[in-house]
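Next come the chains, spelled out residue by residue.
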Amino acid sequence: MFRALSRVSTAGFRSLARTRTGYSAPLASRCYSHGKVETDEEFDSRWVTYFSKPDIDAWELRKGMNTLIGYDLVPEPKILDSALRACRRLNDLASAIRILEAVKDKAGPHKDIYPYVIQELKPTLTELGISTPEELGIDKL
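Residues numbered from 1 in each chain as written. Predicted model: local features only at pLDDT ≥ 70, side-chain atom pairs only at ≥ 80, totals over all residues. Heavy atoms only, no water.

In the nomenclature of an unreviewed UniProt entry, the protein chain is known as Cytochrome c oxidase subunit 5A, mitochondrial of Cyprinodon variegatus. We quote the UniProt Sequence similarities (unreviewed entry) comment for the protein chain here in full: "Belongs to the cytochrome c oxidase subunit 5A family." Recorded in UniProt for the protein chain, the comment headed Pathway (unreviewed entry) runs: "Energy metabolism; oxidative phosphorylation." (UniProt positions renumbered as here; feature names shortened; annotations may be inferred.)

Structure representation (structure tokens):
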């Protein structure tokens, strides 16, 4: 009885083994989003409109800056201009200075980026009455 069962199971196993030998596993591939790729101009305009909202509150400002600083880039001066104007609307000088400090930190070892950003933002900083961390002396602490 066991001999008959083993013949059936062996025959069944062999047929399984024969059909599986032609099977090859597909190569591993990743399924990324098929969404539209955002251009640099669209990215900049999205963040400028985010910070230009008239009803933005302090939490949204901090959340937006935290997200923006989390990207692998130094934000464009026009985005920072919009963020600094949002700080002024909220009367939040500390956040404005923190934004400038974060930009300096993001520039990292590239010593020419931060002076360029400050040069581009100088009219806005003067208009809004915001001092840079260097002018306040807090960059040396």
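Observations regarding helix α2 (residues 40–51)
When the terminal C-alpha atoms of α2 are compared, their 17 Å separation across twelve residues agrees well with the 16 Å that a helix rising 1.5 Å per residue should span. Looking at the buried side of α2, the elements it contacts are α3 (58–70) and α4 (77–89). (Helix = DSSP H or I, 4+ residues; strand = E, 2+ residues; numbered from the N terminus. Expected span 1.5 Å × (residues − 1). Contact = heavy atoms within 4.5 Å.)

What about the packing of α2 against α4?
The geometry of α2 relative to α4 is characterised by a closest axis approach of 8 Å and an angle of 5° between their N-to-C directions. Considering the angle they form, α2 stands roughly parallel to α4. Across from F43, D44, W47, V48 and F51 in α2, the residues of α4 making contact are K78, I79, S82, A83, A86 and R89. When its residues are assigned to classes, the contact of α2 with α4 shows seven nonpolar, one polar and three charged. (Axes fitted to C-alpha atoms, helices over the stretch in contact; angles between N-to-C directions. Parallel < 35°, antiparallel > 145°, perpendicular 65-115°, else oblique. Nonpolar A, V, L, I, M, F, W, Y, C, P; charged D, E, K, R; others polar.)

Overview of α3
Compared with an ideal rise of 1.5 Å per residue, which puts 13 residues at 18 Å, α3 spans 18 Å between its outermost C-alpha atoms and is within 8% of the ideal. Looking at the buried residues of α3, the elements they touch are α2, α4 and α5 (93–107).

Points about the packing of α5 against helix α6 (residues 113–128)
One way to put it is that α5 packs onto α6 with a least axis distance of 9 Å and a crossing angle of 160°. Between α5 and α6, the interaxial angle falls into the category roughly antiparallel. Here the hand of the crossing between α5 and α6 comes out right-handed. Residues L100, V103, K104 and A107 of α5 form the contact with α6, whose participating residues are I113, Y114, V117, I118, L121 and L125. (Left-handed = near helix turned anticlockwise from the far one by under 90°.)

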